[in-house]
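Listed below, chain by chain, are the residues.
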Amino acid sequence: MDSGNSSDVLPEDLSASVESFFETAPPLRDSSLTAQKLQAFIDRNSKPSEDGRPVRVVCITSGGTTVPLEQRCVRYIDNFSSGHRGAASTEYFVKAGYAVIFLHRRGSCQPYCHRLPEDALLDLFEVGEDSSIQVCQSHSAVVKKAIRDYRTAVERGQLLRLPFTTIFEYLQLLRIIAISMKQLGPYGMFYLAAAVSDFYVPWESMAKHKIQSSSGPMDMRLSQVPKMLSVLRKDWAPMAFCISFKLETDADILLQKAEIAMKKYQMHIVVANLLATYKREVTVVTDNGTIDVRKQGEDSDVEDELIKILIDRHCKHLEQSGI
Ligand code: PAZ
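All figures in this text were calculated on a predicted structure; none of them were measured in a lab.

K.L.:
Help me understand the site of the ligand, please; the structure alone is not making it clear to me.
P.N.:
Within the structure, the ligand sits among Ser 81, Ser 82, Gly 83, His 84, Arg 85, Ala 193, Ala 194, Phe 245, Lys 246, Leu 247, Asn 273 and Tyr 278. The contact in question runs from an oxygen atom of the ligand to an N or O atom on the side chain of Asn 273, over 2.7 Å. When the ligand sits alone it has 470 Å² of accessible area, and the protein chains cover 90% of it. For the shell around the ligand, the secondary structure elements donating two or more residues are helix H3 (84–95) and strand E11 (241–248). Here the shell around the ligand takes three residues from E11, the largest share from any one element. Taken together, the residues of the shell around the ligand break down into five nonpolar, five polar and two charged.

Next comes the structure, spelled out in structure tokens:
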């Protein structure tokens, strides 16, 4: 049984840096509207489903966070992530009956849309002689499927999309989501695939206006972003099932780094992937071994296999939680 003994107190220095991060971050725009939408989504999905079983809810994070260098931001540091993994994973979780909170970078890949042809949007349509607009025959099957799948997910109340751009927005939203999901206990899951900045410029020490090149070469000191995974596990949603991702470029250190992250942040699973191969293979790292997951064919997604394994582990987590 997961006793929630991950809810030990946080080290004092971490608590202080977390508090200072949130106190000094620029406030979220529309935070009360977001909180309302989130609560309505969680309430709807806290009720048992038609088969009498409680709905499982997963928060999927997707895309990279930015670190602004100026308060009126012209320049920023970015993190590598197209959002493809998060978008594809959302579809597989929805198909398996989960409700998904899709916390994504604005402009990154979206569930169902990313299946559409990569052609320019306007190449998908044609204007008929009567001026009606139609999808070109060559693309109609794929467009119909994307629309149907998307509408079904939304109509069944299985998909809530929340956007972020900066590290400040991302962490504030993650905190609101996690605290709202606490009530779901072990039925809640976090699938943290976003590429999150490790360093940032605190808002109060950030240049207010565009940094001028006429001032010559620039020296910049970045602060460390507090390790929020610990806070998520210990404080925000201690009973939830937590999966984080580890991306490396050096195969020799990947598994070791994933195992360290798993222990340090008390993750249930860390999914390890290499920049050179992450689209076709990942390794699931658990406290009792590793599982290599590969995509099964040219038209398949590695996420299809991955999500099956994670759902199986989540079921075991529910059993161990005495549910
Ligand atoms: O978004 P994407 O499909 O282009 O890439 C996914 C990924 C490589 C960002 C993800 O699998 C991942 O490893 N995220 C965590 C990155 C990190 O270690 O910070």
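K.L.:
Looking at this model, I keep getting lost on the environment of Leu 275. Mind explaining?
P.N.:
Counting through the fold element by element, Leu 275 comes out in the loop between strand E12 (269–274) and strand E13 (281–286). In sequence terms Leu 275 and Ala 251 are 24 residues apart; their C-alpha atoms lie 9.5 Å from each other.

K.L.:
Teacher, can you tell me more about the pattern of salt bridges here?
P.N.:
Pairing of side chains with opposite charge becomes possible as their charged atoms draw close. With the rule as written, the count across this model stands at 13 salt bridges. Taking the shortest distance from any N to any O, the salt bridge between Glu 70 and Arg 75 comes out at 2.8 Å. Under the relative-accessibility criterion, Glu 70 is labelled buried at 0%. On the basis of relative accessibility, which here comes to 32%, the residue Arg 75 falls in the partly exposed class. Between Asp 312 and Lys 316 there is a salt bridge, with its nearest N and O atoms 2.9 Å apart. Placement of both Asp 312 and Lys 316 in helix H8 (residues 302–320) is noted, with a separation of four residues, approximately one turn of the helix. We classify Lys 316 as partly exposed; its relative accessible area is 39%. Connected via shared salt-bridge partners are Glu 91, Arg 115 and Asp 301.

The rules behind these values
- Residues numbered from 1 in each chain as written.
- Predicted model: local features only at pLDDT ≥ 70, side-chain atom pairs only at ≥ 80, totals over all residues.
- Heavy atoms only, no water.
- Near = heavy atom within 4 Å.
- Polar contact = N/O pair within 3.5 Å; in protein donor to acceptor, adjacent residues only side chain to side chain.
- Areas by Shrake-Rupley, 256 points an atom, 1.4 Å probe, with all protein chains shown as cover.
- Helix = DSSP H or I, 4+ residues; strand = E, 2+ residues; numbered from the N terminus.
- Nonpolar A, V, L, I, M, F, W, Y, C, P; charged D, E, K, R; others polar.
- Salt bridge = Lys/Arg side-chain N within 4 Å of Asp/Glu carboxyl O.
- Buried < 20%, exposed > 50% of the residue type's maximum accessible area, 1.4 Å probe, protein only.

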